[in-house]
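Coordinate analysis (summary)
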Amino acid sequence: MNNTTTGDELLWNEHIAVRVVRLVLYPSVFIIGVIGNLSVCGLILYAKTKKFRSSKGYFILNLALSDLLVLFMYLPFDLAYLENYFVWPFGLVLCKLISVTSSLSVTVSGSMLICIGYERYKSIVLGKTLGRRLSKKKALAMVAFSWIYSCLLQVPFVYALTIEANGSCKIDVDWWPSELTFNLTYIMALIAPQFMIPALCLIVFYVGIVFHLRKAHKLNSKQGIYTSVNVAEKREQQNRKTTKLLTGLVLVYAFCILPNKLILLNILINRKVLSSSLTRELYEFTRLLTTANSCLNPILYTTLSRSFRMDLKRMLSRSRSDASSSFSNRYLRTSRETPRSQRKSNALNYHVRLEEAIEKLASGQIESLKESRV
């Protein structure tokens, strides 16, 4: 189950080390990714601070949702397919649905990175001319466009995906008029929107932000706004924090996605590389990197964003306090719902049982004294 017609050709006779790594990596990515991305979604959806209710929060939320889509809809089926020696046992409908899920998620992730980069660029560079913040309506419109745009790009592959006589689920190149048409479609519908376009946009945004911050720093220094070294250092720290999270997201995305796209592009250009065992092993390794991308973003948020760590701790502590308060409320409510007469009778029975126990204890002590005297 791959996005190319050569997926099973690449993976036959794989090295045992690759299989061991996959069997360890897939469950680890699933567990870490599900816990991390659900935490991100919960923090943003139930956040009371304006920071996570902003447009940036919506973009990060959809980035987490796209990762969850891969974790639940693609990862288990892909592992079963690979362990079943590339025989697809789940039918044609799931062959078409599950196969495009990974591509859809990667495209949405790239689009969300573009949206986050634009939000940072607009806030820092265009803040004085177009307004400081990106409105929620515009952010939601950008999110909706990204999902619709990503889904439309998968339409040709939904029609072309088929189950062949040997049981493999893959794209039928004959669905296109020629091999050149297929190559162009693959590049324009998958490689370009998943890496080329996001990389180009993010480079433009990042370079613009860096130049703007340096220019503003020099201008403020000349005008005497920075009256002390401490003020200048604090300003530089704020500027670094502004772009640190975006830089981390971009680097991780490039590290996980770029190698796979380069190998696929090389295969499209020269099919003879399929006979190389090195190409097959590199292809499988890059597939593992692409899979690992689904669990790395929450780790980045926790590592690079101090405010995210604090809000996450606050959310967890609040959930524990809510659980304890709900238990105490249930106890008080049941005690209040008990009739007053029944509470009185229960208290009276308790005192009667207590007096009987005291009398038995006293009589036992007296008998023991008598026996000792005798």
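Residues numbered from 1 in each chain as written. Predicted model: local features only at pLDDT ≥ 70, side-chain atom pairs only at ≥ 80, totals over all residues. Heavy atoms only, no water.

- You'll find the protein entered in an unreviewed UniProt entry as G-protein coupled receptors family 1 profile domain-containing protein, with Porites lobata given as the organism.
- For the protein, the Sequence similarities (unreviewed entry) comment in UniProt is given as "Belongs to the G-protein coupled receptor 1 family."
- Listed under Subcellular location (unreviewed entry) in UniProt, the entry text for the protein is "Membrane". (UniProt positions renumbered as here; feature names shortened; annotations may be inferred.)

**As for the packing of helix H3 (residues 55-73) against helix H7 (residues 136-153)**
- Between H3 and H7, the least distance of the axes is 9 Å, while the angle of their chain directions is 25 degrees. As the angle between them shows, H3 and H7 are arranged roughly parallel. The interaxial crossing formed by H3 with H7 has right-handed handedness. Residues Ser-55, Tyr-58, Phe-59, Asn-62, Ser-66 and Leu-69 of H3 touch H7, and the partners they reach there are Lys-136, Ala-139, Leu-140, Met-142, Val-143 and Trp-147.
- Of the residues belonging to the contact of H3 with H7, the class tally is eight nonpolar, three polar and one charged. (Axes fitted to C-alpha atoms, helices over the stretch in contact; angles between N-to-C directions. Helix = DSSP H or I, 4+ residues; strand = E, 2+ residues; numbered from the N terminus. Parallel < 35°, antiparallel > 145°, perpendicular 65-115°, else oblique. Left-handed = near helix turned anticlockwise from the far one by under 90°. Contact = heavy atoms within 4.5 Å. Nonpolar A, V, L, I, M, F, W, Y, C, P; charged D, E, K, R; others polar.)

**Structural notes on unusual backbone geometry**
- Although it is not a glycine, Tyr-85 adopts a positive phi angle of roughly 60 degrees.
- Within the secondary structure layout, Tyr-85 lies in the loop between helix H4 (75-83) and helix H5 (92-124).
- Looking at Tyr-85, the relative accessible area reads 60%, which means it is exposed.
- Despite not being glycine, Phe-86 shows a phi value in the positive range, around 65 degrees.
- Locating Phe-86 in the fold gives a position in the loop between H4 and H5.
- You can call Phe-86 buried: its relative accessible area is 5%. (Buried < 20%, exposed > 50% of the residue type's maximum accessible area, 1.4 Å probe, protein only.)

**Structural notes on the side chain of Thr-290**
- Turning to its location among the elements, Thr-290 is positioned in helix H11 (residues 277-304).
- A relative accessible area of 18% means that Thr-290 is categorised as buried.
- When sequence neighbours within four positions are dropped, the list of residues in contact with Thr-290 reads Val-106, Cys-256, Ile-257 and Asn-260.

**Looking at the UniProt feature "transmembrane region" (unreviewed entry) in the protein**
- Residues annotated in UniProt with the feature "transmembrane region" (unreviewed entry) correspond here to residues 20-46, 58-77, 97-118, 139-163, 183-213 and 245-269.
- As a span, residues 20-46 carries 96% helix and 0% strand, and end to end its C-alpha atoms are 39 Å apart.
- Here residues 97-118 runs as 100% helix and 0% strand, with 31 Å between its end C-alpha atoms.

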